Amino acid sequence: MTASAERRPYAPLREAYVIDAVRTAVGKRGGALAEVHPADLGAAALRGLVERTGIDPAVVDDVIVGCVDNLGPQAGNIGRTMWLVAGYPEEVPGVTVDRQCGSSQQAINFGAQAIMSGTAEVVVAGGVQNMSAIPIGAAMIAAKPYGFESAFIGAKGWDSRYGTGEVSQFKGAEMIAEKWGISREDMERWALQSHQRAKTAITEGRFDNEIVPVGDFTVDQGPRETSLEKMATLQPLSEGSPLTAAVASQISDGASATLLASEWAVKEYGLTPRARIHHVSARGADPIFMLSAPIPATQWALEKTGLTIDDIDVIEINEAFAPVVLAWIKEIGADPAKVNVNGGAIALGHPLGATGAKLFATLLNELERVNGRYGLLTICEGGGTANVTIIERLDADKK
């Protein structure tokens, strides 16, 4: 049976307010943040958040942090560790969430749900990832010495349902490009635009209000000087593939943090909300396509809220690969001028566990910059799932 959004009315018990959202600048692989311990990196985002909001750390009910490839310095519940490294109270708990690329978006959604349900008043949600230190996919191969070649293949139920073929984001992106008729040239044009938009945003200082320093590092390292001609010379990621490194997200390092609060906490602690959480949800799709789930997830969210895509003023969809965004635009009918207007992960990087709350910070600030009302964030995730978060700016009546 197919689940129906109509049969599940959206009725949060309480409001969850967005007090602030910050991020570090994103370091490229081997760049400015490569030698920073993930706990110290995450702590920088937490300190920036606490200092900006003036919240007493002791009143935080929980710290929910996204991180992928939880090995070595990212193991042992990094969400808890980075809170302690920041110097904050031991009685405040912390937890680490792994929903792959959407991990810190899920952290925000979990935090919002806790506040909406009345089980929390103040939640810090964020993410951290040092991909220079712990390579992408490290957790997938960590058990090879123990006889497990894959996280999927070898499970009898998986093999009987999905076979023993390749399960990867690269394969998924290729399948999406083929299904939605997206050419290499289409992807390269979007990638070039991502770099151009990112460089404009940096030059105009659009990220200044969301970035907190790590030492003296405050400017994203990812945007490149490139052109369609340069992109056309790159070799495909595999023989016959339309994908090249130019149309893929960059391996990166970074951290992010968001403060959520109930109406009671806003009044009790003298906080100033910037937005409210209007909707949170997650949906799944084919795990072999893997990266297509933002399409049904967005359709679900719009149906649940009664909004149309034209009601959304600012959209952030993670650029894991260019075809993910282009297929989503085709299916949802979104105006490309509202999508990733300050560039995306192709230009700015994708520090896996930190990306969700990073994009959330950009969404919030851009919504204010354009005097919009609704902003939507969605991210494709390993395993074929996607989150959607919709926020509403509180002073949108001034629009």
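To be clear, the structure that these remarks concern was listed above.
First things first, this report covers the structure right here in the doc. (Residues numbered from 1 in each chain as written. Predicted model: local features only at pLDDT ≥ 70, side-chain atom pairs only at ≥ 80, totals over all residues. Heavy atoms only, no water.)

### So, the overall build of the protein
Move 1: Of regular secondary structure, the protein possesses 13 helices and ten strands.
Move 2: Rg of the C-alpha trace for the protein: 20 Å, near the compact-globule value of 21 Å for 399 residues, within the 12% margin.
Move 3: For the protein, the spread of C-alpha atoms along the principal axes amounts to about 60 × 50 × 50 Å.
Move 4: Looking at the protein residue by residue over its 399 residues, the buried ones come to 57%.
Move 5: Contacts in the protein between residues at least 24 apart in sequence constitute 81% of all its contacts with a sequence separation of at least 6.
Move 6: In the protein, which carries 35 positive and 48 negative side-chain charges, the distance between the mean positions of the two groups comes to 3 Å. (Helix = DSSP H or I, 4+ residues; strand = E, 2+ residues; numbered from the N terminus. Rg over C-alpha atoms; globule rule 2.2 N^0.38 Å. Buried < 20%, exposed > 50% of the residue type's maximum accessible area, 1.4 Å probe, protein only. Contact = heavy atoms within 4.5 Å. Lys, Arg positive; Asp, Glu negative; His and termini not counted. Charge placed at Lys NZ, Arg CZ, Asp CG, Glu CD.)

### Section: the environment of Arg 184
Move 1: Within the element layout of this structure, Arg 184 appears in helix α7 (residues 184-203).
Move 2: Take Arg 184: its relative accessible area is 19%, and that puts it in the buried class.
Move 3: Note: C-alpha distance between Arg 184 and Ala 232 (48 residues apart in sequence) is 8.8 Å.
Move 4: In this structure the side chain of Arg 184 is engaged in a polar contact, spanning 2.9 Å, whose partner is the backbone oxygen of Met 231.
Move 5: Among the polar contacts made by the side chain of Arg 184, one reaches the main-chain carbonyl oxygen of Leu 234 at a distance of 2.9 Å. (Polar contact = N/O pair within 3.5 Å; in protein donor to acceptor, adjacent residues only side chain to side chain.)

### Description of the pairing of strand β8 (residues 314-317)
Move 1: Here β8 shows two buried faces, one formed by Val 314 and Glu 316 and the other by Ile 315 and Ile 317.
Move 2: One ladder, built from four bridges, connects β8 with strand β9 (residues 374-381); its direction is parallel. Its bridge partner lying in β9, Ile 315 is registered against Leu 376. (Pairing = 2+ DSSP bridges.)

### Let's talk about the nonpolar core
Move 1: Judged by nonpolar contacts, the single largest core of 49 residues is most densely connected at Trp 328 and Val 339.
Move 2: The set of elements that each furnish at least two residues to this core consists of α6 (169-179), α7, α10 (294-305), β8, α11 (322-332), β9 and β10 (385-393).
Move 3: Listed in part, the 44 residues of the second largest apolar core include Ala 44, Leu 49, Trp 83 and Ile 211. (Core = buried A, V, L, I, M, F, W, Y, C linked by side-chain atoms within 4.5 Å.)

### Re the packing of helix α1 (residues 38-53) against helix α2 (residues 78-85)
Move 1: It is at 8 Å that the axes of α1 and α2 come closest, and there the two elements cross at 65°. Classified by the interaxial angle, the pair formed by α1 and α2 is roughly perpendicular. Helix-helix and strand crossings are classified by hand; for α1 and α2 the assignment is right-handed. In this structure, α1 uses Pro 38, Ala 39, Asp 40, Gly 42, Ala 43, Leu 46 and Arg 47 to contact α2, whose residues at the interface are Ile 78, Thr 81, Met 82, Trp 83 and Val 85.
Move 2: Each residue belonging to the contact of α1 with α2 can be placed in one class, and the counts come to eight nonpolar, two polar and two charged. (Axes fitted to C-alpha atoms, helices over the stretch in contact; angles between N-to-C directions. Parallel < 35°, antiparallel > 145°, perpendicular 65-115°, else oblique. Left-handed = near helix turned anticlockwise from the far one by under 90°. Nonpolar A, V, L, I, M, F, W, Y, C, P; charged D, E, K, R; others polar.)

### A short note on the side chain of His 278
Move 1: For His 278, the location among the structural elements is in strand β7 (residues 275-284).
Move 2: One polar contact links His 278 to Arg 276, side chain to side chain, over a distance of 2.9 Å.

### Looking at the environment of Ala 347
Move 1: Here Ala 347 is to be found in helix α12 (residues 345-348).
Move 2: For the pair Ala 347 and Ala 58, spaced 289 residues apart in sequence, the C-alpha to C-alpha distance is 38 Å.
Move 3: When residues no more than four places from it in sequence are discounted, the contact partners of Ala 347 are Ser 194, His 195, Ala 198, Gly 222, Pro 223, Gln 250 and Glu 319.

### Considerations on the packing of aromatic side chains
Move 1: With the rule as written, the count across this model stands at five aromatic pairs.
Move 2: Ring plane angle 50° and centroid distance 4.8 Å describe the contact between Trp 83 and Tyr 88, whose orientation is recorded as tilted.
Move 3: For Tyr 88, a relative accessible area of 14% corresponds to the buried category.
Move 4: Of the aromatic side chains, those joined through ring pairs into one cluster are Phe 152, Trp 158 and Tyr 162.
Move 5: Against the face of Phe 207 rests Arg 23, its NZ or CZ located 4.9 Å from the ring centre.
Move 6: The aromatic ring of Trp 300 is capped on one face by Arg 283, whose charged end is 3.7 Å from the ring centroid. (Phe/Tyr/Trp six-rings, centres within 6.5 Å; stacked < 30°, edge-to-face > 60°. Lys NZ or Arg CZ within 6 Å of the ring centre and 35° of its normal.)

### Digging into the pattern of salt bridges
Move 1: This structure, assessed with the given rule, holds 18 salt bridges.
Move 2: Notably, a salt bridge pairs Glu 381 with Arg 99, separated by 4.0 Å at the nearest N-O pair. You can see Glu 381 sitting in strand β9 and its partner Arg 99 sitting in the loop between β4 (94-97) and α3 (103-117), a full 282 residues away along the chain.
Move 3: Looking at Arg 99, the relative accessible area reads 27%, which means it is partly exposed.
Move 4: A salt bridge links Asp 186 to Arg 189; the nearest nitrogen and oxygen atoms lie 2.6 Å apart. (Salt bridge = Lys/Arg side-chain N within 4 Å of Asp/Glu carboxyl O.)

### Examining the packing of α10 against α11
Move 1: As a packed pair, α10 and α11 sit with axes 9 Å apart at the nearest point and diverge in direction by 35°. Pair α10 / α11 crosses with right-handed handedness. Packed against α10, whose contacting residues are Pro 294, Ile 295, Thr 298 and Gln 299, the element α11 presents Ala 327, Trp 328, Glu 331 and Ile 332 at the interface.
Move 2: For the contact of α10 with α11, the class distribution of residues is five nonpolar, two polar and one charged.

### Brief notes about helix α13 (residues 355-369)
Move 1: Here α13 contains 15 residues, and its C-alpha end-to-end distance of 21 Å stays within 8% of the 21 Å for a straight helix at 1.5 Å per residue.
Move 2: Positive backbone phi, at 60°, marks Asn 371, one or two positions downstream of α13. (Expected span 1.5 Å × (residues − 1).)

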